[in-house]
Amino acid sequence: MRMSSQDVTVVALLADPDAPTEIARHIARTLPDRLADRWGKGRRFDVEVISEPFTAGTEDPSTLVRRIAERVEEEDWDVVVALTDLPLHTHGRKLVVDVSHEHALALLSLPALGGLRLQSRARRVVEEAVLSLASPRPDEAGESSADRSADRSAPERIASRFAPVHADPAGEQDSAGWRYVVSGPRGYLRVLSGMVRANRPWRLVPGLSKALAAALATGAVATVNSTIWTLSVSLSTPRLVIAMVGSLALMIGWLIVDAHLWHRTDKALPQAKKRAVLYNASTVLTVAIGVIICYVGLLAVNLVWALFILNGQAFSSLTRSPLHAAEYWTLAWFVASVATAGGALGSGLESDEAIRAAAYSKREQERRNTLHDSHDEQGDHDEQDDHDDRNDRGD
């Protein structure tokens with residue numbers, strides 16, 4: 001890494017493809033001005049965004065730091081901040097940010113920032129990391145702390161603004177850098193919400209086009225069915241809720257099982273099992289949010305269709321109940337549940353790849369493909385070893 005001129009600091013935002021790249025580009029729009037305002041003394045910051053899959057094949061923070069350091073060694077960058085939407089772990093805790101003054105780089109795991117206000121939180125962490133890395137260290141340039149315009153209390157500010165973020169007690173917190181993690185139930189929920197946010201569950205809706213077509217057809221037929229009319233007026237609110245929850249659970253379970261979205265681990269290590277639970281929880285929530293969005297859409301369509309097609313006199317003669325707003329709403333609600341159950345069958349027509357692409361971020365897809373390939377290779381090796389053993393015994 002070659003240092004730029006004394007009045008210009010070149011900052012590189014190295015981001016995984018997909019969501020991290022979008023966030024990095026959003027941050028880069030305002031980051032130079034914000035850094036210059038906080039630093040003062042006429043220093044200028046140039047920010048570059050590089051979209052690159054630097055996490056391919058590994059989730060180990062130490063390995064990633066070494067990989068990034070090798071990647072930027074010959075570049076004209078003064079500071080590097082790497083952003084990924086993979087959940088990273090260190091010493092059994094979820095990593096938020098790992099800052100290395102030795103390599104002038106920071107590694108940021110976006111899921112640890114949570115699912116709300118992700119861009120603003122990421123911008124603040126990137127800003128604090130850059131100012132910390134750009135500031136001269138006590139043994140460099142002979143400057144005293146009083147001569148520096150940049151504030152060196154970045155770790156304290158991050159901890160105070162992003163609770164339950166705290167220093168990693170198992171990490172090496174010295175002048176070479178600092179590391180912050182999240183732990184406990186709040187930290188687990190924050191990482192989980194961040195993973196779901198990175199998967200962007202609303203993308204599941206267009207990915208279920210055939211299932212939605214089946215559900216809409218089912219709803220259109222059910223709305224004009226006199227038996228459905230009679231059932232809807234006789235169902236109580238608790239029964240309607242049970243029907244809704246049951247249909248949603250059927251759709252979610254069918255998608256996960258049919259598209260093989262459930263993650264299994266062959267490792268007996270407790271940490272591997274915890275990661276599997278985290279990945280599966282994010283899968284269930286991602287699919288659930290996408291299915292709920294579809295359900296709300298079906299409910300709205302069925303309500304409009306009922307308002308257009310139903311005849312009050314015919315409805316009253318068959319159900320002996322007047323057709324008022326409550327009846328319209330109850331019928332649309334019940335039909336949405338019936339249609340969702342029908343859509344679960346239609347989801348079997350979707351390709352597994354289409355559903356995975358809709359349910360996961362690009363990084364999550366590659367991570368799962370890597371794990372799947374490694375398991376296949378291990379299985380091939382085991383079969384070959386068994387074959388060799390049989391041959392040896394035959395000899």
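Looking at an unreviewed UniProt entry, one finds the protein chain named 5,10-methylene-tetrahydrofolate dehydrogenase and attributed to Streptomyces apricus.

This part covers the overall build of the protein chain. When helices and strands are counted, the protein chain shows 14 helices and 8 strands. In the protein chain, buried positions account for 46% of the 395 residues. Accessible surface computed for the protein chain: about 19,200 Å², of which carbon and sulfur atoms make up 55%.

An α-helical segment advances 3.6 residues per turn. Residues three or four places apart therefore align on the same side. Here helix 5 (residues 184-199) spans 23 Å end to end across 16 residues, near enough to the 22 Å set by a 1.5 Å rise per residue. Positive backbone phi, at 50°, marks Arg-200, one or two positions downstream of helix 5.

This paragraph deals with the side chain of Ser-109. With respect to the helices, strands and loops of the structure, Ser-109 is situated in strand 6 (residues 105-109). The buried category is assigned to Ser-109, whose relative accessible area is 1%. A polar side-chain atom of Ser-109 sits 2.8 Å from the main-chain carbonyl oxygen of Leu-86. Not counting the four nearest positions on each side in its chain, Ser-109 is found in contact with Thr-84, Leu-86, Pro-87, Leu-88, Leu-95 and Val-96.

One recurring pattern in soluble globular proteins: nonpolar side chains tend to sit buried together. In this structure, Leu-13, Leu-83, Val-97 and Val-126 are the most contacted members of the largest nonpolar core, which totals 39 residues. The element that contributes the greatest number of residues to this core is helix 3 (residues 118-134), accounting for 8 residues. Apart from residues no more than four positions distant in its own chain, Val-97 is found in contact with Ala-106, Leu-107, Leu-108, Val-125, Trp-178, Arg-179 and Tyr-180. With 32 residues, the next largest nonpolar core counts Leu-261, Val-291, Tyr-295 and Val-335 among its residues.

Reading guide: rules and limits
- All chains use their own residue numbering, which begins from 1 and follows the written sequence.
- Side-chain atom pairs in this predicted model are given and counted only at pLDDT of 80 or more, local residue features only at pLDDT of at least 70, and totals for whole chains, interfaces and linings cover all residues.
- Hydrogens are left out, water is left out, and the side-chain values use all remaining heavy atoms of the structure.
- In this description a helix means any DSSP run of H or I spanning at least four residues, a strand means any run of E spanning at least two, and both kinds are numbered starting from the N terminus.
- The buried label goes to any residue with under 20% of its type's maximum accessible area, the exposed label to any with over 50%, and the partly exposed label to all in between, with areas taken from a 1.4 Å probe on protein chains only.
- Here the accessible surface of atoms and residues is derived via Shrake-Rupley with a 1.4 Å probe, and residues count as covered only by protein chains that are part of the display.
- Any helix carries an expected span of 1.5 Å times its number of residues minus one.
- Between N or O atoms, a polar contact is any pair within 3.5 Å; within protein, one atom must be a potential hydrogen donor and the other a potential acceptor, and residues adjacent in sequence are included only when both atoms are from side chains.
- Working rule for contacts: check all heavy atoms of both residues, and any pair within 4.5 Å makes them a contact.
- Working definition of a nonpolar core: buried Ala, Val, Leu, Ile, Met, Phe, Trp, Tyr and Cys residues. They are joined through side-chain atoms within 4.5 Å.

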